[in-house]
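If you want the building blocks of each chain, they are given just below.
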Amino acid sequence: MSFDPNAFLIILTGSMIAISCGVLGVFLMLRKMAMTGDAISHAVLPGIVIAFLVSGSRHGLTMVIGAGLVGIIATVFIEYLSNKVKLQSDASIGITFTSLFAIGIIMITFLANEIDLDQDCVLYGEIAYVPIDLWITGAGKIMGPRVTYLSLVNMALVIGFIALFFKELKISTFDKEFAATIGLSTVGVNYGLMGMVSYTTVSSFEAVGAILVVALMVVPPATAYLWTKNLYRLIQLTIIMGIVISFLGYYLAYFLNSSIAGAMATVAGFFFFTTVILKHKQLPGIRKKIETIGQKA
Amino acid sequence: MEEFIYFFSFQDPNVLMVVTGIVLLSVSAAMVGTFTFLDKKALVGDAISHAVLPGVCLAFMLSGSKNPYWIVSGAFVTGALSTYTITWVSNATKLKEDTVIASVLSIFFGVGIVMMTQLQQSGNASLSGLDHFIFGNAISIVGQDLWVYGFLALAIIMVILFFYKEFQLMVFNRSFADSIGLPVKRLEFLFNSLMVMAVVTGIQAIGVVLMAALLITPAAAAKFWTNRLSLMLLIAVIFSVISGIVGAYISFVLPHMPTGPWVVMVLSLIAFLSFFFSTKKGILTKWIAKRNYQRKIHRDHILKALFAANEQGKDGLSCGEIYANFPGKSFRTQYAIKKLGNEGYLSDNQSNISLTEKGIKEAGRIVRLHRLWELYMTEYMNIAPDHVHDSAEKLEHIITPELERQLDKNLNYPQEDPHQSIIPRDKDQS
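As named in an unreviewed UniProt entry, chain B is Manganese ABC transporter permease, taken from Echinicola rosea. Turning to chain B, the UniProt record has this under Sequence similarities (unreviewed entry): "Belongs to the ABC-3 integral membrane protein family." According to the UniProt record, the Subcellular location (unreviewed entry) comment for chain B reads "Cell membrane".

As recorded in an unreviewed UniProt entry, chain A goes by the name Manganese transport system membrane protein MntD, listed as coming from Echinicola rosea. Turning to chain A, the UniProt record has this under Sequence similarities (unreviewed entry): "Belongs to the ABC-3 integral membrane protein family." Looking at the Subcellular location (unreviewed entry) heading of the UniProt record, one finds this comment for chain A: "Cell membrane".

Draft legend 1. Broad picture of the UniProt feature "domain: Iron dependent repressor metal binding and dimerisation" (unreviewed entry) in chain B. As recorded in UniProt, the sites labelled "domain: Iron dependent repressor metal binding and dimerisation" (unreviewed entry) are residues 356–424 of chain B. The span residues 356–424 of chain B is 59% helical and 0% strand by assignment, and the distance between its end C-alpha atoms comes to 16 Å.

Draft legend 2. Examining the interface of chain B and chain A more closely. Listed as interface residues are 56 residues of chain B and, on the opposing side, 59 residues of chain A. Between chain B and chain A, a total of about 5100 Å² is buried, with carbon and sulfur atoms accounting for 79% of that surface. On the surface where chain B and chain A come into contact, there are zero salt bridges. Connecting chain B to chain A are six residue pairs in polar contact (both at pLDDT 80 or more). Elements with a minimum of two residues in the side of chain B that touches chain A: α3 (42–63), α4 (68–92), α5 (97–122), α6 (132–135), α11 (211–223), α13 (259–277) and α14 (283–311) of chain B. Broken down by class, the residue content of the side of chain B that touches chain A amounts to 36 nonpolar, 13 polar and seven charged.

Draft legend 3. Representation of the packing of helix α8 (residues 166–174) of chain A against helix α10 (residues 186–208) of chain A. Residues and elements named next belong to chain A. Here α8 crosses α10 at 110°, and the two axes come no closer than 10 Å. One finds that α8 runs roughly perpendicular with respect to α10. Listed contacts from α10 to E168, L169 and S172 of α8 are T186, V189 and L193. For the contact of α8 with α10, the class distribution of residues is three nonpolar, two polar and one charged.

Draft legend 4. Up close: the UniProt feature "transmembrane region" (unreviewed entry) in chain B. Residue and element names in this part refer to chain B. When the UniProt feature table is mapped onto this chain numbering, "transmembrane region" (unreviewed entry) sits at residues 15–37, 43–62, 69–88, 100–119, 146–164, 194–217, 229–254 and 260–277. Helix makes up 100% of residues 43–62 and strand makes up 0%, while its end C-alpha atoms are separated by 30 Å. For residues 260–277, helix accounts for 100% and strand for 0%, while the C-alpha atoms at its two ends are 26 Å apart.

Draft legend 5. A look at the nonpolar core. With 194 residues, the main nonpolar core has L87 and I162 of chain A together with V32, L95, I206 and F275 of chain B as its most contacted residues. Of all the elements, helix α1 (residues 5–30) of chain A adds the most residues to this core, at 15 residues. If sequence neighbours within four positions are ignored, V32 of chain B has contacts with I156, I160, F191, L194, M195, A198 and L215 of chain B.

Draft legend 6. Highlighting the packing of α3 of chain B against α4 of chain B. Residue and element names in this part refer to chain B. Direction vectors running N to C along α3 and α4 enclose 140°, while the axes themselves pass 6 Å from each other. Judged on the interaxial angle alone, α4 and α3 are oblique. The element α3 and its partner α4 pack so that their crossing is right-handed. Only W70, I71, G74, A75, T78, G79, S82, T83 and I86 of α4 make contact with α3, whose side of the interface consists of V44, A47, I48, A51, V52, P54, G55, V56, A59, F60, L62 and S63. Classifying every residue of the contact of α3 with α4 gives 14 nonpolar, seven polar and no charged.

Draft legend 7. View of the domain arrangement of chain B. Residues and elements named next belong to chain B. Partitioning chain B into structural domains gives domain 1 (2–259), domain 2 (285–355) and domain 3 (360–429). Tallying the contact residues gives 13 residues for domain 2 and 15 residues for domain 3. Taken over both partners, the interface formed by domain 2 and domain 3 buries close to 1200 Å², and the fraction arising from carbon and sulfur atoms is 60%. Among the residues domain 2 hides against domain 3, the three largest losses belong to D300, K304 and F307. Together they make up 43% of the total. One salt bridge in this structure joins E362 and R299, with 3.2 Å as the shortest N-O distance. One can count four residue pairs in polar contact (both at pLDDT 80 or more) joining domain 2 with domain 3. A per-class count over the side of domain 2 that touches domain 3 returns six nonpolar, two polar and five charged.

Draft legend 8. The arrangement of α11 of chain B in detail. Where burial is concerned, most of α11 of chain B is hidden: 12 out of the 13 residues are buried. Buried within α11 of chain B are the following residues: M211, A212, A213, L214, L215, I216, T217, P218, A219, A220, A221 and A222 of chain B. Of the surrounding secondary structure, the elements contacted by the buried residues of α11 of chain B are α5 (89–110) of chain A together with α2 (13–38), α3, α10 (184–206), α12 (229–253) and α13 of chain B.

Draft legend 9. Spatial organisation of α5 of chain A. If you check α5 of chain A, its first and last C-alpha atoms are 32 Å apart, about what 22 residues at 1.5 Å a residue would give, namely 32 Å. The buried fraction of α5 of chain A amounts to 18 of the 22 residues, a majority that puts the element mostly inside the structure.

Draft legend 10. Highlighting the side chain of K304 of chain B. Tracing the backbone through its elements, the reader meets K304 of chain B in helix α14. Apart from the residues lying within four places of it in its own chain, the contact partners of K304 of chain B are I366, V367, H370, E393 and E396 of chain B.

Conventions and cut-offs
Residues numbered from 1 in each chain as written. Chains lettered and ligands numbered in written order. Predicted model: local features only at pLDDT ≥ 70, side-chain atom pairs only at ≥ 80, totals over all residues. Heavy atoms only, no water. UniProt positions renumbered as here; feature names shortened; annotations may be inferred. Helix = DSSP H or I, 4+ residues; strand = E, 2+ residues; numbered from the N terminus. Contact = heavy atoms within 4.5 Å. Buried area = accessible area lost by both parts, 1.4 Å probe. Salt bridge = Lys/Arg side-chain N within 4 Å of Asp/Glu carboxyl O. Polar contact = N/O pair within 3.5 Å; in protein donor to acceptor, adjacent residues only side chain to side chain. Nonpolar A, V, L, I, M, F, W, Y, C, P; charged D, E, K, R; others polar. Axes fitted to C-alpha atoms, helices over the stretch in contact; angles between N-to-C directions. Parallel < 35°, antiparallel > 145°, perpendicular 65-115°, else oblique. Core = buried A, V, L, I, M, F, W, Y, C linked by side-chain atoms within 4.5 Å. Buried < 20%, exposed > 50% of the residue type's maximum accessible area, 1.4 Å probe, protein only. Left-handed = near helix turned anticlockwise from the far one by under 90°. Domains from an automatic or database assignment. Expected span 1.5 Å × (residues − 1).

Right, dumping it as structure tokens:
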């Protein structure tokens, strides 16, 4: 197969999105907040619409701020419902995201004639358009694919956030009480993480769609977690898996002529279920071999 | 207004059919949802509704049409597969259930999207309207579809009513159900099938993403009005019928408006109203109760302060002295003094506040409870006299007359508390 620059761009962008999502997902999973990630990815919809209405464009800072704010509001709301209203946590999550998502769809339908935003693009995203969606400066200079830059910035921010607050995240994830006793703001860490999740969702939804963000957030960490318990290794494996998923996903979509994001989720699912079966059947030989590979990775 | 009358008089057989359909499916979803809510499996419904997508696409691929029998069967197969997968992976691995649910949900949805984009590229014109399954539009349901969905919804309702007792036991006391010989595993299988069926029935009208709300929200709202299962089912059903009809009406009036979001909006509104204004557990009810209790405590403390002044031989206290007793609460203190005055406990004579006859009696009662409890703590619990004040400070507000009599009797009608203060008694009592 000859080198195809478009394929390379798509795989590169996909990998960066998968890495940002996956690294955040590791902490979401360990904090038993996997479904909160799902909830946020649905709930940011009204924020996106409002930001779109304000700025009139599908990209830019307004979008990130709008969706980020709604994402954090959703988190506050979930916590409020489960702590103050005393609703069980799964129901709090369910009610919050469905009502926010419904508001978002209603807004889109009302504004259908005024804005170039339809329901489909929120759910699916289309990473295949990355190479033709170019960033053109005011002077008319073509700088290359816009979404690739976006996902690069996103990945840099996520990795920066994790690196900067690694100790805080680690302590507050594994021992909340201890974190509180040493004066760490667990609430602050929590909202910081949720803010990053919202931002990543928005920044990625254009490329992979709202629900597939969840696939990239939860499935690679869940799969990696079955191979290792070490936090560093968990993050490493998640990153590797993100790259592999994006590579194989692209070619699966290419051969099936289908959505690339969907294919990435499918590949992730294949790894996930293969791992579960291998772990479950307790095939001693294969298991040991793969575990040693996991150790080395 | 004309539209309103046209819609609600149901002259149009189409409107009647759509409303009947949506009411049936709301009722079945609310009933199933009540049990899943109590079983703490609310989000499994969300997973099923996403997992239905590949099944729907598969049905399209195999049949090449929008035949409802195929769609229902396809959706049922992958929906059921997802619940089975969730249970299996949760049991087989160390992953937490929410991680498993989120993984299964997104993987199934991803596979569904792959299939859907392939279908869209196949260019089959009869496949248009596939996106109704994602956002839902009740108005798009006609004729044959309605019979299938209506029949399914009715079947779900009947089965739940028939196995009401069994499901109740399964949700509330699984081990007991097991021990009296109920086939819990088979019941669970039946119930999971009902849950999948309820989701399948709703997808075309409500949409994949929002179907979860129809399962979760009515039950969560109903829980705030009652603790009885039968009543909870009834309330959940009423809530979802109301929102189903209102949602259908709005999407009838506003063209191109999908039904699902409006049904969910009305449902959420009802739920939030329940959270705040429910007479049992609502936020507002709790807040009022808490505020009243705090006011009562504050009132009791003012009476006690005046009583203490009386014991020291003073006639009363000035406003300033009372305020000084409760730093930072001057507004509330002012309010409490006014209220106590109105109730006839205090008399305010040129800002010298003193207890009336009635006030002395009431204040004496509080002080008596305080001192009786202090004595009880030292005598019966062997707690040092200098450690009993805090506990008595709390309990003086809540000891009932019955408890008071019991304490008095057990302590053999004492005259003094551990600090050698006289325990005040009403004259007719002593």
